[in-house]
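Residue-level listing of the chains:
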Amino acid sequence: SFSDDVSLLVVLIDTNPFFWSTSSSSLNFHQFVSHVLVFLDLIVRLSQLNQIVVIATGHNTCDYIYDSSLDTDQVTGEGELPALYSFVLQRLEEFVNKDEKLGAKQEGLSEKRASSLLSGSLSMALCYIQRVFRSGPLHPQPRILCLQGSPDGSEQYVSIMNAIFSAQRSMVPIDCCYVGSHNSAFLQQASYITGGVYVKPQHLEGLYQYLATVFAVDLHSRSFLQLPRPAGVDFRASCFCHKTTIDMGYVCSVCLSIFCKHHDKCSTCGSVFGKAQLDAASDRKRKASES
Amino acid sequence: MSSGQVTKRVKYKTSVKDAGTPGRLSLVKERLVFRPNNPNSASKLDMQFKYITNHRYTKEGSNKAPMLNLTSNQGASYIFEFESYEDLHICRDFVGCANLMKFGHKGVAELLHRQQKLQILELIRKFIQNNPAEMICSSVQGCCKTIDYVLHSELQKLHQQFVGGGVLTEAEFWATRKKLLEKDANRKAKQRGGLKSSVLAESKPFIDGRTNRVTFNLTPEIVREIFSEKPAVHRAYLNFVPSKMADKDFWTKYCRAEYLQRSKNIAAAIAEAAEDEELAIFLKPDDILANETRRKIRRVDPTLDMETDQGDDYSHLPDHGIFRDGSKEVAESGNELYQRTLLQDLNRHAAVVLQGTPIDEEQLKDTQTVAEALERSKQERSTASKDDESSADQERLKGISQAMTIDDLRGSNDHHLAPLWIKDPRDYFDSRQASSVKTSIEATKGTMSSHESYGLLRESISQIKSMGLNHPVVASEVAQKVLSVLTHNISSTKYNLGKKPGESLLDSLPTSVRDELLHHHISIEELMKHFWSSYPITNKYLNTKVTKLKDEMSKMDSQLQKLKEAVQPDIRHQITLLIRPMQQALEAAMQHYDAEQQKRASKAREKPNGYS
């Protein structure tokens with residue numbers, strides 16, 4: 001039978017060029033990749049049964065970079081760098097080229113708030129995990145680690161929330177190590193709902209230490225550790241009509257879609273809304289003052 | 001006592017056994033003077049009260065002579081023997097009060113610590129009783145307050161914080177604490193006894209078989225009960241006595257009627273009633289009662305539901321129960337006019353007891369006064385209830401009409417049915433995509449073109465490929481820093497709390513934090529009391545008061561915040577939870593204040609119609 005302390009770790013790496021080109025000096029893409037590579041090596045060496053899967057989150061697409069259980073990805077060979085690193089780097093480079101090519105088709109349109117396709121990579125991770133579940137009784141406990149720096153894309157709110165709920169249903173924790181500037185509400189909610197850990201490191205030059213201390217441990221051993229929990233969670237949602245982040249708005253009582261302004265009809269399920277309470281009250285007031 | 005001077009004839013002794021020099025002792029506000037009768041004697045005394053630290057005196061019950069022993073701060077004692085204990089008491093009280101006023105607050109505190117609290121309070125009360133004008137004297141009032149807030153040092157802190165800080169005035173602060181100022185004002189609450197639940201009127205008469213005499217025992221209490229329960233008898237008494245017949249005759253007739261009733265000899269009762277008119281009154285059913293009952297029946301709320309209380313068995317206790325056994329009474333038809341059943345009597349007695357007009361002892365002197373007093377009280381009650389009745393009637397009618405409408409039997413509301421509409425889910429996702437493309441299209445140009453950004457990524461990757469990774473990838477100091485940051489927030493309270501029985505969270509906190517927390521809590525409570533009692537704001541005084549309170553509240557809020565931040569990280573979470581209700585109360589009050597201010601401002605802006 002499988003032992004408890006084996007992990008199947010799916011790592012989602014943020015390769016959004018628009019974020020990395022503007023990132024602070026304490027962590028650029030070069031250093032980020034170095035830290036992550038060493039961390040991947042650590043996981044692999046912790047146990048022979050550990051598996052890792054690396055998915056790159058690009059701007060226009062997402063793709064699997066490395067899967068330790070695949071025969072095609074078995075890394076051997078000598079060279080300056082350990083074989084794992086050169087393999088991953090090679091695949092990363094190919095991915096970046098692919099991502100750029102896909103983006104070139106929409107040339108001339110640059111982004112104000114450049115967000116990566118987190119919803120896509122989350123979905124890919126969950127699909128992989130589902131396949132593992134159906135492969136048989138012997139599988140390690142899967143979890144997802146999100147290494148994200150790009151800000152939240154509010155247009156992806158619904159897809160990300162769906163992915164989060166699906167992860168919650170399958171009991172897959174979503175951890176997050178956020179290296180961007182402001183906290184990500186979506187990922188905070190993801191960790192909170194699925195029982196994962198959300199960390200926003202203060203000292204980015206020691207990113208590897210954060211990864212090794214917090215995220216290297218398997219799920220079973222987490223019950224013996226006190227991992228850092230954030231003080232609060234930002235539960236804001238995006239409205240469905242304009243994709244702006246709101247914390248007060250209107251909710252359709254049929255399908256629970258959120259709107260920032262009063263609509264006559266729900267765009268998701270089509271139910272007709274009655275006249276809003278506030279408007280009715282102000283009408284009455286106006287009539288009273290006129291008479 | 002006059003305006004603060006006492007002169008008494010005393011004998012001045014240096015020790016108890018000493019014979020003593022006769023002379024006069026004068027006590028004025030700040031000094032005592034002893035002048036011996038013999039002007040050549042050397043034992044003159046002229047001392048200020050502030051040098052006297054203690055005074056002792058002989059008790060009245062003892063066989064010793066009345067003596068007062070004053071001790072000075074240098075240790076010398078001066079003993080004065082008085083002519084009577086009264087003199088002694090007067091001088092002693094004077095000295096005691098003088099001590100108080102002279103010592104001021106500190107002295108009172110000292111005396112308190114020597115556990116003379118009761119004596120001090122006694123002194124003050126006597127002083128106040130004897131000198132009503134002096135009550136205005138702030139020092140005495142100050143002493144009263146001092147005693148209380150020395151006894152309650154939290155009160156002192158609160159007082160200092162609010163009154164000293166100018167947030168509340170003295171009057172406001174003490175407004176809710178009047179009880180503390182008058183210590184044991186009226187210990188004896190005058191509570192009048194109520195009616196006994198035993199039916200006194202049913203006490204068996206003494207029947208002497210030999211002489212064929214029946215003796216009834218009527219005390220004023222029984223008489224009162226009879227009058228309350230049988231208003232017709234009461235009316236008859238008021239009408240007949242003393243105009244028509246004497247008191248004794250009246251009661252003789254009444255007792256005869258009672259005896260006839262008891263004997264269950266209905267025929268005899270009817271016969272006697274036919275002869276004697278007044279006797280008939282006693283035998284007939286009470287018509288006043290009947291009218292009242294009819295009225296009450298009309299007023300009964302048909303929607304009332306009642307619960308019966310089973311199992312209350314009081315009959316074996318004294319002052320409870322009845323002496324009459326109703327089981328053997330048989331109601332013969334046709335003679336109901338002259339028969340009173342046990343149930344009727346019992347119900348009437350119970351109604352009177354529940355009505356509960358208390359008995360004053362003075363009224364029970366004799367039957368005449370009892371009758372008059374009862375009449376008076378009844379008149380008062382009837383005038384009071386007349387106004388209530390008309391409004392009560394209306395309310396009753398309204399209540400009945402409301403209860404009578406049964407919702408189910410009404411016509412049904414028209415429920416609008418919404419038709420079922422199933423949308424194609426693909427439309428939803430397509431619209432999502434369209435909107436997302438739209439948002440991605442609208443934007444300004446970034447600092448770097450996309451090609452350059454991708455180029456950066458590629459460059460980083462090739463750099464790593466060529467140069468390899470850093471050795472080590474993380475510097476040791478940085479790693480240590482990260483480790484300490486990650487671990488220092490780990491709180492151990494989760495494991496320590498709740499292990500020892502009887503240990504509460506407050507006890508486990510460090511004392512300074514705990515005291516601060518408690519003090520904050522008390523002061524916030526005080527602030528809230530004064531704040532919420534000032535609404536609605538009707539005048540300017542309340543307005544300024546509320547503004548001051550609000551400033552204090554915001555100060556308190558920031559103090560709480562600072563407390564939270566200053567405390568150790570492993571108890572910070574618990575402290576936050578403890579503080580949260582206080583912060584919420586402060587926030588609610590401040591929000592209310594802001595909302596009120598806005599309302600007033602908008603009201604001020606609105607001009608009435610026609611004004612420009």
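Look up: the structure comes first, before these words.
None of the values given here were measured: they were computed from a predicted structure.

The rules we used
Residues numbered from 1 in each chain as written. Chains lettered and ligands numbered in written order. Predicted model: local features only at pLDDT ≥ 70, side-chain atom pairs only at ≥ 80, totals over all residues. Heavy atoms only, no water. Axes fitted to C-alpha atoms, helices over the stretch in contact; angles between N-to-C directions. Helix = DSSP H or I, 4+ residues; strand = E, 2+ residues; numbered from the N terminus. Parallel < 35°, antiparallel > 145°, perpendicular 65-115°, else oblique. Left-handed = near helix turned anticlockwise from the far one by under 90°. Contact = heavy atoms within 4.5 Å. Buried < 20%, exposed > 50% of the residue type's maximum accessible area, 1.4 Å probe, protein only. Arc of directions from axis to C-beta. Pairing = 2+ DSSP bridges. Polar contact = N/O pair within 3.5 Å; in protein donor to acceptor, adjacent residues only side chain to side chain. Phe/Tyr/Trp six-rings, centres within 6.5 Å; stacked < 30°, edge-to-face > 60°. Right-handed = clockwise from strand over helix to strand, strands pointing away. Salt bridge = Lys/Arg side-chain N within 4 Å of Asp/Glu carboxyl O.

So, about the packing of helix α8 (residues 231-240) of chain B against helix α9 (residues 247-263) of chain B. Residues and elements named next belong to chain B. In contact at an axis separation of 10 Å, α8 and α9 are set at 150° when each is read in the N-to-C sense. If you check the angle between α8 and α9, you find them roughly antiparallel. Handedness of the crossing formed by α8 with α9: right-handed. Across the interface between the two elements, V233, A236, Y237 and F240 of α8 pack against D247, F250, W251 and Y254 of α9.

Counting along an α-helix, one turn takes 3.6 residues, and residues three or four places apart therefore face a common direction. Residues and elements named next belong to chain B. Of all the positions in helix α10 (residues 266-275), only I266, A269 and A273 are classed as buried. Angularly, the buried residues of α10 cover 55° about the axis, an arc narrow enough to put them on a single face. Across from the buried face of α10, at angles greater than 90 degrees, the exposed residues are A267, A274 and E275. Where α10 is buried, its residues touch α9 and α11 (277-283).

Our focus in this paragraph is the sheet that holds strand β2 (residues 51-57) of chain A. All names here are of chain A. As summarised here, the arrangement of the six strands in space is β3-β2-β1-β4-β5-β6, forming an open sheet in which the pairing is mixed. Only two strands of the sheet have a single neighbouring strand rather than two, namely β3 (62-67) and β6 (198-199). Of the strand pairs in this sheet, strand β4 (residues 141-148) and strand β5 (residues 174-178) are connected by five bridges, and their pairing is parallel. Residue pairing in the sheet places L147 in a bridge with C177 of β5. Each of β1 (7-14), β2, β3, β4 and β5 is contacted by helix α4 (residues 118-133), which is oriented at about 165° to β4, the strand it contacts most.

Now for the side chain of S68(A). Residues and elements named next belong to chain A. Its location among the elements puts S68 in the loop between β3 and α3 (83-104). Residue classification places S68 among the buried residues on the basis of a relative accessible area of 17%. Looking at S68, its side chain comes within polar contact range of the main-chain nitrogen of I52, at 2.9 Å. Excluding residues within four positions of it along the chain, S68 makes contact with N50, Q51, I52 and Q74.

All names here are of chain B. Bridging between strand β2 (residues 21-27) and strand β3 (residues 31-36) involves five bridges; their strand directions are antiparallel. Bridging from a neighbouring strand, L27 pairs with L32 of β3. Here four bridges tie β3 to strand β4 (residues 45-48), and the two strands are oriented antiparallel to one another. Considered in β4, the bridge of R31 is made with Q48.

Below, the discussion takes up the packing of aromatic side chains. Residue and element names in this part refer to chain B. For the structure on display, the rule yields 22 aromatic pairs over all chains. Between Y12 and F80, the ring centres sit 5.4 Å apart and the planes meet at 35°, which makes this aromatic pair tilted. Remark: F80 occurs in strand β7 (residues 77-82) and Y12 occurs in strand β1 (residues 6-13); sequence separation between them is 68 residues. Judged by relative accessible area, Y12 falls into the buried class, the value being 9%.

All names here are of chain A. Across the five residues that make up β5, a large majority, five, are buried. The alternating pattern of β5 places I174, C176 and Y178 and D175 and C177 on opposite faces, both of which are buried. Where the polypeptide runs from β4 across helix α5 (residues 157-170) and back to β5, its parallel neighbour, the crossover connection is right-handed. Read as a crossover between parallel neighbours, the route from β5 over helix α6 (residues 185-194) to β6 is right-handed.

The next point concerns the pattern of salt bridges. Close approach of charged atoms allows side chains of opposite charge to pair. For the structure shown, the criterion picks out 14 salt bridges over all chains. Between E205(A) and K481(B) there is a salt bridge; the shortest N-O distance is 4.0 Å. A residue pair is termed interchain when its members come from two chains, as with E205(A) in the loop between β6 and α7 (207-215) and K481(B) in helix α17 (residues 476-488). K555(B) is paired through a salt bridge with E552(B); the nearest N and O atoms lie 3.4 Å apart. Pair noted here: K555(B) and E552(B) are both in helix α21 (residues 540-566), with a separation of three residues, about one helical turn. Among the charged side chains, a salt-bridge network with shared partners connects R143(A), D175(A) and R222(A).

What follows deals with the sheet that holds β4(B). Residues and elements named next belong to chain B. Read from one edge to the other, the open sheet built from seven strands follows the order β4-β3-β2-β1-β7-β6-β5, with strand pairing classed as antiparallel. Looking at which strands have only one partner, the edges of the open sheet turn out to be β4 and β5 (52-57). If you compare each strand with its neighbour and ignore which way they point, the axes differ by 30° on average. Summarising the sheet, β1 and β2 pair through seven bridges and their orientation is antiparallel. Its bridge partner being in β2, V10 is matched across the sheet by G23.

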